[in-house]
Amino acid sequence: LYQSDEGMLDILTNMKQDMKVLVASNQNLEKRLQTTRKEASKVQKLQSEIKSHAMVVAKLVEDNENIQGRLVETERNNSQLHVKLDLSRKEVCTWKSKMKETEALLNSKEKDCKDHVDEIRRLNKKLTSCIDRLKTEICSRKALETRVEELLHHSGY
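Residues numbered from 1 in each chain as written. Predicted model: local features only at pLDDT ≥ 70, side-chain atom pairs only at ≥ 80, totals over all residues. Heavy atoms only, no water.

## Details of the overall build of the chain
So, point 1. The secondary structure content of the chain amounts to one helix and zero strands.
So, point 2. On C-alpha atoms alone, the chain measures out to a radius of gyration of 64 Å, which is more than a quarter above the 15 Å that the 2.2 N^0.38 rule sets for 157 residues.
So, point 3. Principal-axis analysis of the C-alpha atoms places the extent of the chain at approximately 215 × 25 × 15 Å.
So, point 4. For the chain, the proportion of its 157 residues judged to be buried stands at 0%.
So, point 5. Here the chain has roughly 15200 Å² of accessible surface; of this, 59% comes from carbon and sulfur atoms.
So, point 6. Side-chain charges in the chain split into 30 positive and 26 negative, and the spacing between the mean points of these groups amounts to 4 Å. (Helix = DSSP H or I, 4+ residues; strand = E, 2+ residues; numbered from the N terminus. Rg over C-alpha atoms; globule rule 2.2 N^0.38 Å. Buried < 20%, exposed > 50% of the residue type's maximum accessible area, 1.4 Å probe, protein only. Areas by Shrake-Rupley, 256 points an atom, 1.4 Å probe, with all protein chains shown as cover. Lys, Arg positive; Asp, Glu negative; His and termini not counted. Charge placed at Lys NZ, Arg CZ, Asp CG, Glu CD.)

Structure (structure tokens):
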């Protein structure tokens, strides 16, 4: 009976040891479970932050695509404006050339006009001189007629 009590005591001692090991193991597992829960909570927070960042990145990508589209449109408009600017520059060159031609023509016409005015003045002087001579001649003739009439009158005619 003693041996069996001793065997039972060994079994109980072993069981007590096993129980201590199991309790320690259980406590260990609970600590690991708490750590795992904390880590899981951190992972959930990180996943939430990742989702939030992913939404921000998606919005940035969308904004970037819109900006790229506007940039392409702006570059196309800029290219069109350069074409229009080149055409305008050509038109300005043509206009300047025509202005020079017109200015040369105007200068030529102005010289012609001055020449005509000079010719008209010269002819006007001649005409004035002729008119003055005619007036003098008319006066002379009238004076001569008057003298002839006086003579004729005195002579009885």
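There's more to say after this.
## Points about the pattern of salt bridges
So, point 1. Summed over the entire model, instances satisfying the criterion amount to seven salt bridges.
So, point 2. Between Glu39 and Lys42 there is a salt bridge; the shortest N-O distance is 3.9 Å. Here Glu39 pairs with Lys42, and both are found in helix 1 (residues 2–155), just three residues apart, close to one helical turn.
So, point 3. The exposure class assigned to Glu39 is partly exposed, which follows from its relative accessible area of 40%.
So, point 4. The residue Asp86 makes a salt bridge to Arg89 at a minimum N-O spacing of 3.8 Å. Taken as a pair, Asp86 and Arg89 lie in helix 1 at a separation of three residues, close to a single helical turn. (Salt bridge = Lys/Arg side-chain N within 4 Å of Asp/Glu carboxyl O.)

All we've got here are geometric facts, nothing functional implied.
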